[in-house]
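# Inside the fold
So the chains spell out like this:
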Amino acid sequence: MLRNRTAIVLVTALAPAIWGSTYLVTTELLPPGRPLLAGVIRALPAGLLLIAVTRRLPQGSWWWRSLVLGALNIGAFFALLFIAAYRLPGGVAATVGAVQPLLAAGLSAGLLGDRLSLRTVLSGIAGIAGVSLLVLRSNAQLDAIGVAAALGGAVVMATGVVLSKRWTSPAPLLATTGWQLTAGGLLLLPVALLVEGAPPSHLTGANLLGYGYLALIGAAVAYALWFRGIRALPPTSVAFLGLLSPVVATALGWLALDQDLSPVQGLGALIVLGSLVAAQTQRPRAAQPSRLAQPSGLAQPAPATPPVAERRSAS
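The sections below set out a description of the structure shown in this document.

Rules and cut-offs
Residues numbered from 1 in each chain as written. Predicted model: local features only at pLDDT ≥ 70, side-chain atom pairs only at ≥ 80, totals over all residues. Heavy atoms only, no water. Helix = DSSP H or I, 4+ residues; strand = E, 2+ residues; numbered from the N terminus. Areas by Shrake-Rupley, 256 points an atom, 1.4 Å probe, with all protein chains shown as cover. Phe/Tyr/Trp six-rings, centres within 6.5 Å; stacked < 30°, edge-to-face > 60°. Buried < 20%, exposed > 50% of the residue type's maximum accessible area, 1.4 Å probe, protein only. Lys NZ or Arg CZ within 6 Å of the ring centre and 35° of its normal. Axes fitted to C-alpha atoms, helices over the stretch in contact; angles between N-to-C directions. Parallel < 35°, antiparallel > 145°, perpendicular 65-115°, else oblique. Left-handed = near helix turned anticlockwise from the far one by under 90°. Contact = heavy atoms within 4.5 Å. Nonpolar A, V, L, I, M, F, W, Y, C, P; charged D, E, K, R; others polar. Patch = residues over 30% accessible without salt bridge, like charges linked within 9 Å, V, L, I, M, F, W, Y side chains within 5 Å. Salt bridge = Lys/Arg side-chain N within 4 Å of Asp/Glu carboxyl O. Core = buried A, V, L, I, M, F, W, Y, C linked by side-chain atoms within 4.5 Å.

### Let's talk about the overall build of the protein chain
Counting its secondary structure elements, the protein chain contains 13 helices and zero strands. In the protein chain, the succession of helices and strands from N to C terminus is α-α-α-α-α-α-α-α-α-α-α-α-α. Summed over all atoms, the accessible surface of the protein chain reaches about 13900 Å², with 68% contributed by carbon and sulfur.

Structural data, given as structure tokens:
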């Protein structure tokens, strides 16, 4: 059982690790100044492809649930991340976004009846501290709107993770993933057209390669792994794995872009990894059934047994 859970955690961790490569792909392959367009291309084609492959459409309440989850996990999250990335230094945005595991833990306690332990709280605080050491700079300046957007992005993503656990889809995983990607992409499309205008008239081979990677790997594959993890693991455990994104983004910047990596950043990465291990190795405890108020039509949650580093990573 432990080996099986460890395997699920490791496979789920691939999703935020893939998202950590978004900054590198954006800076090296995509046209500049089009993060929202990248968000649309990342989500909408991948969602439509998965729907075409699975040939499953939502039924009943899953029409509006897919819209809500797609907005939380993708559409609204990408838009808020875009605002935060353009109004804040990347390190500030990533540090504020690192509160997501704590938010998910609180929402899990309120909506799913999961136990909020001291270990979870301390792991969450350590994760925020580690991310700040990894990406925050001493000359970083704050912007109220940017901070609110970064915090809002963490809130909507944490809510999306918890609701994805509460609302267990009866459809296959790839179909559910396709619904959410399509809904999120459709919601983001008019925002991208309004803010950034029409897509570029000419795209290079490198641009097409970057967009293809974001759609197929960064969306279709990564979100399928992410939602599979949410089905199998406690949502708080999944949320903690999101802290891997700034670690991977920093590592790729060091390896591929020859960016400096200081001892303080190395310490921050170790603290983040330590908080992840502490969160994943905590003995899960089942919620008390009497404390859960399950609305009719909602699946009973399973007992607890589960982008970002720099500017322009909003895509």
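### Quick notes on the packing of aromatic side chains
The tally for this structure, following the rule as stated, stands at six aromatic pairs. Considering the side-chain rings of Trp64 and Trp167, the 5.2 Å spacing of their centres and the 80° angle between planes classify their relative orientation as edge-to-face. In this pair, Trp64 sits in helix α4 (residues 62-87) while Trp167 sits in the loop between α8 (144-166) and α9 (173-196), placing the two residues 103 residues apart along the sequence. On the accessibility criterion, Trp167 (10% relative accessible area) is buried. Arg65 extends its terminal NZ or CZ atom over the ring of Trp62, reaching a point 5.7 Å from the ring centre.

### A word on the packing of α8 against helix α10 (residues 205-232)
Between α8 and α10, whose axes approach to 8 Å, the crossing angle comes to 55°. For the element pair α8 / α10, the angle class is oblique. You can see that α8 and α10 cross each other, and the crossing is right-handed. Here Met157, Val161, Ser164 and Lys165 of α8 come into contact with α10, specifically with Trp226, Phe227, Ile230, Arg231 and Ala232. Residue composition of the contact of α8 with α10, grouped by class: six nonpolar, one polar and two charged.

### With respect to a nonpolar patch on the surface
A surface patch of nonpolar side chains, amounting to about 400 Å² of accessible area, comprises Leu49, Val53, Leu216, Ile217 and Val221. Secondary structure elements with two or more residues in the nonpolar patch: α3 (35-54) and α10. Looking at which element gives the most residues to the nonpolar patch, the answer is α10, with three residues. Position of Val221 among the secondary structure elements: in helix α10. On the basis of relative accessible area, Val221 is assigned to the partly exposed category, the value being 37%.

### Overview of the packing of helix α12 (residues 244-256) against helix α13 (residues 263-280)
At a closest axis distance of 10 Å, the pairing of α12 and α13 adopts a crossing angle of 145°. Judged by the sense of rotation from one axis to the other, the crossing of α12 with α13 is left-handed. On the side of α12, the interface is formed by Leu244, Val247 and Thr250, while α13 contributes Gln265, Ala269, Val272, Leu273 and Leu276. When grouped by side-chain class, the residues that make up the contact of α12 with α13 number six nonpolar, two polar and no charged.

### Focus: the nonpolar core
Counting residues in each nonpolar core, the largest one holds 57 residues, and the members touching the most others are Val131, Leu181, Tyr223, Trp226 and Leu243. Per-element accounting of this core gives the leading share, nine residues, to α4. Listed in part, the seven residues of the second largest apolar core include Leu88, Val92, Val96 and Ala150.

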